[in-house]
Amino acid sequence: MTDSTYILYFEEPACNKDSVPLVGGKNASLGELMEVDESVQVPPGFAVTTEFYETFIDERNLDKYIPERLADVDFDDDTSVAAASEDIRACIEEASFPPALDEALASAWEQLQERNRSNELEVAVRSSATAEDLPDASFAGQQDTYLNVRELGQVKRRTKECMASLFTARAISYREENRFDHDEVLISVGIQKMVEARSSGVMFTVNPANGDRSKVRIESNWGLGESVVSGKVTPDSFLVDKPVYKIVDRNITKKSVMTVPTDTGIEEISVDEDRKDVPSLTANEIIDLTDVAKAIERHYGEPQDIEWAIRETGDETQLYILQSRPETTWNDTKHDETKSESPSESEKQGNKSTAASILDRL
């Protein structure tokens, strides 16, 4: 790294779990995921770093304006906080990037297009703050994400909107309540190729209901994962025994809506009638997801909460991992050896028989 690292590609060695101060939590996780093994495929992309953000703020004199504007706020008055938020966000979104930053972002965008051999590249633009999941505070979900973004002009605009989301009324109030200085938390932005997902969802490398670490819980719906992450649908769910890949519980729901990309972003549409009651994952895909969940958990050494997507092209499918973060409910719970991946009666049956078991149950 140099003193002016404005862009960092996810696959660069410097983009890893130790680079949170430079690329934020989400982007650091994406870089780290690329180090797991070949089974973990991450869509390509790059981070617009916190150094880019700080240079932008400094060169447009927003480093003076923001603290001055916040100094006038009555933090016990929601209207006062909202007014300051609106003013600060407008200043960030309306400011132009200095030439060096503008060129760095344009060059990274062109390289991403070339690598994907497409001039019609569609990307997700995601905020990646340096404080998202701290031991004594959680900033998760406070900053913005934009999906299916196209063209360099849109990428620049969404990047600034992500940076401005560091000053939503909610984020300002949260920092005040938890006694964080407003310049203590920085923001990076991830630009990542979108996956045209047939099915998407989340999975936990622990049973979230009781903390049983010998299980993987997979939740899935058709289309993009936003319908699952946002809780707008009741997804299909599968509880899989890790050692032997046996489905010990499953629930195939009536899936009425799904999220799909559009020319202007994403939208929810009705699921075709003939797919509403059909499992959104095949048996082999459940096995693949379980394998990947185990690999990621081994890499991090603790239970994970993972977002994933499956792309289908003709007869071929490809599983992508979009995010992995520590599972927050049970990670502090003492590991129960009786619920670990130690050999069990079901494990003794071997993977072949349990794969068949999955096929039987589907």
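Up top you'll find the structure we're talking about.
Residues numbered from 1 in each chain as written. Predicted model: local features only at pLDDT ≥ 70, side-chain atom pairs only at ≥ 80, totals over all residues. Heavy atoms only, no water.

K.L.:
Explain the pattern of salt bridges to me, please; I cannot follow it from the model alone.
P.N.:
Here the structure, examined in full by the defined rule, presents 19 salt bridges. Across the salt bridge formed by K254 and D277, the nearest N and O atoms sit 3.7 Å from each other. One end of the pair, K254, is in the loop between β11 (246–251) and β12 (257–262); the other, D277, is in the loop between β13 (265–270) and α9 (283–300), with 23 residues separating them in the sequence. Among the residues examined, D277 registers a relative accessible area of 49% and is labelled partly exposed. For R325, the salt bridge goes to D305, with nearest N and O atoms at 3.8 Å. Here R325 is found in strand β15 (residues 316–326), whereas its partner D305 is found in strand β14 (residues 304–313), with 20 residues between them in sequence. You can call D305 buried: its relative accessible area is 17%. A single network of salt bridges, built from pairs that share partners, joins R157, R158 and E161. (Salt bridge = Lys/Arg side-chain N within 4 Å of Asp/Glu carboxyl O. Helix = DSSP H or I, 4+ residues; strand = E, 2+ residues; numbered from the N terminus. Buried < 20%, exposed > 50% of the residue type's maximum accessible area, 1.4 Å probe, protein only.)

K.L.:
Hey, could you run me through a negative patch on the surface in this one?
P.N.:
There is a patch of like negative charges on the surface, built from E176, E177, D181, D183 and E184. Take E176: it is sitting in helix α7 (residues 169–177). Residue classification places E176 among the partly exposed residues on the basis of a relative accessible area of 32%. (Patch = residues over 30% accessible without salt bridge, like charges linked within 9 Å, V, L, I, M, F, W, Y side chains within 5 Å. Areas by Shrake-Rupley, 256 points an atom, 1.4 Å probe, with all protein chains shown as cover. Lys, Arg positive; Asp, Glu negative; His and termini not counted. Charge placed at Lys NZ, Arg CZ, Asp CG, Glu CD.)

K.L.:
Is there a simple way to explain unusual backbone geometry in this structure?
P.N.:
Across residues other than glycine, the phi torsion is negative in most instances, and most of the peptide bonds are trans. One non-glycine residue with positive phi stands out, namely N148, at about 55 degrees. Position of N148 among the secondary structure elements: in strand β6 (residues 145–150).

K.L.:
Is there a simple way to explain helix α6 (residues 152–164) in this structure?
P.N.:
Residues spaced three or four apart along an α-helix face the same direction, because each turn holds 3.6 residues. Taking 1.5 Å as the rise per residue, α6 with 13 residues should run 18 Å; its terminal C-alpha atoms sit 18 Å apart, in good agreement. Restricting attention to buried positions, one finds in α6 the residues V155, K156, R158, T159, K160, E161, C162, M163 and A164. (Expected span 1.5 Å × (residues − 1).)

K.L.:
How should I be thinking about the packing of helix α3 (residues 62–71) against helix α4 (residues 78–94) in this particular structure?
P.N.:
To describe two helices that pack against each other, one gives the angle between their axes and the distance between the axes. One way to put it is that α3 packs onto α4 with a least axis distance of 10 Å and a crossing angle of 170 degrees. Relative to α4, α3 is oriented roughly antiparallel. Contacts between α3 and α4 involve L62, Y65, I66, R69 and L70 from the former and A83, A84, D87, I88, C91 and I92 from the latter. Considering only residue class, the contact of α3 with α4 consists of nine nonpolar, no polar and two charged. (Axes fitted to C-alpha atoms, helices over the stretch in contact; angles between N-to-C directions. Parallel < 35°, antiparallel > 145°, perpendicular 65-115°, else oblique. Contact = heavy atoms within 4.5 Å. Nonpolar A, V, L, I, M, F, W, Y, C, P; charged D, E, K, R; others polar.)

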